[in-house]
Amino acid sequence: MIQSAQVASKFTLFTHHAKTFPNLVTALRNSMLRAGVFKDEKTAEEQVVQVLNFDIHLIKDFRGRRYIERITECIPVEEKNEYTFDHRKEKTLEGKFDKFFDNATIFFTKETNRELYKHRNILEFVDDSYVLTNPISPENIKGMRENMNDRDMIEFDKFLERVWGIRPPKIVHYDENGNEIKETENVPVAEQVQASSESARKVSTSVQTPRRPAQTGQTQRRTNPSQGNVRRTPRNGAKSE
């Protein structure tokens, strides 16, 4: 499942029975270790969090009601080079030792307690209603918008701006002639693209298909105005009435 989610599919859906999001990551990591795919825990966990974008957690209460309790987003933490060469600027030996121990602290922190991901709830069920708690990360917003049509993108952008005040970056659209469609006052680009596509469909449906001309050698019908009858020319060219 992890391998197919990384390289062989556009998206992947699967079910699990973990109670919390950290438990979900731990269970999938341990499964990969037991399967022998990986031998290092950190490497296996890093592969897991790269494919877990959202966790939709369902719960069943004592009344027998089953509902979505939360939607949790997983945000992988990219490893950054935080080491410095400030010890070269120090003039004293004590200052050089201080800068060296700063780099050593960063190194041992990454080796012993490296944070591979962060998780936060996007939506929660509180007091019989759903509450939006945290905004979606810019990376996932970009990926979601890239897989939407123009109409869905319009509604999604309105939702982001209304709820979290987020205005996604502009996506360049082009018309049928290859010219960039620029946003006009009170008319977003996506709405202009949608209107132009609808008008293009109307024009294409209104144009009638021209009648194909008769090919040489096929039977043609001609009317002789002097005799008033119809003469036919067969394929061999001989005339018959």
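Preceding this section is the structure that the text describes.
Residues numbered from 1 in each chain as written. Predicted model: local features only at pLDDT ≥ 70, side-chain atom pairs only at ≥ 80, totals over all residues. Heavy atoms only, no water.

A. Local environment of the environment of Ile2. Relative to the helices and strands, Ile2 resides in helix H1 (residues 2-7). For the pair Ile2 and Leu28, spaced 26 residues apart in sequence, the C-alpha separation works out to 8.9 Å. Every residue in contact with Ile2, bar those within four places of it in the chain, is listed here: Met32, Gln47, Val48 and Val51. (Helix = DSSP H or I, 4+ residues; strand = E, 2+ residues; numbered from the N terminus. Contact = heavy atoms within 4.5 Å.)

B. Focus on helix H3 (residues 41-49). Every buried residue of H3 is accounted for by Ala44, Glu45, Gln47, Val48 and Val49. Tucked into the core, H3 has its buried residues touching H1, helix H2 (21-34), strand E2 (66-76) and strand E3 (117-126). Where H3 begins, one side-chain oxygen reaches toward the backbone nitrogen of Lys42, 3.2 Å away; that side chain belongs to Asp40. (Buried < 20%, exposed > 50% of the residue type's maximum accessible area, 1.4 Å probe, protein only. Polar contact = N/O pair within 3.5 Å; in protein donor to acceptor, adjacent residues only side chain to side chain.)

C. Focus on helix H6 (residues 150-163). With 14 residues, H6 extends 20 Å from end C-alpha to end C-alpha; this agrees with the ideal 20 Å at 1.5 Å per step. Taken together, the buried positions of H6 are Met153, Ile154, Phe156, Asp157 and Leu160. Where H6 ends, the next residue or the one after it, Gly165, has phi of about 70 degrees, a positive value. (Expected span 1.5 Å × (residues − 1).)

D. Expanded view of the packing of aromatic side chains. Under the criterion given, the structure shown has 6 aromatic pairs. Plain terms: the ring middles of Phe100 and Phe101 are 5.6 Å apart, the flat faces sit at 65 degrees to each other, and that makes the pair edge-to-face. The exposure class of Phe101 is partly exposed, given its relative accessible area of 49%. Pairing Phe125 with Tyr130 gives two aromatic rings, centres 4.9 Å apart and planes at 65 degrees, and the pair type is edge-to-face. Tyr130 sits in the partly exposed class, given a relative accessible area of 43%. (Phe/Tyr/Trp six-rings, centres within 6.5 Å; stacked < 30°, edge-to-face > 60°.)

E. Layout of the sheet that holds strand E4 (residues 129-132). The antiparallel open sheet is built from 4 strands, whose spatial order is E1-E2-E3-E4. A strand with exactly one partner marks an edge of an open sheet, and here the two such strands are strand E1 (54-60) and E4. Averaged over all pairs of adjacent strands, the angle between strand axes in this sheet comes to 30 degrees, irrespective of strand direction. Of the strand pairs in this sheet, E3 and E4 are connected by 4 bridges, and their pairing is antiparallel. The residue of E4 that forms the bridge with Leu123 is Leu132. (Pairing = 2+ DSSP bridges. Axes fitted to C-alpha atoms, helices over the stretch in contact; angles between N-to-C directions.)

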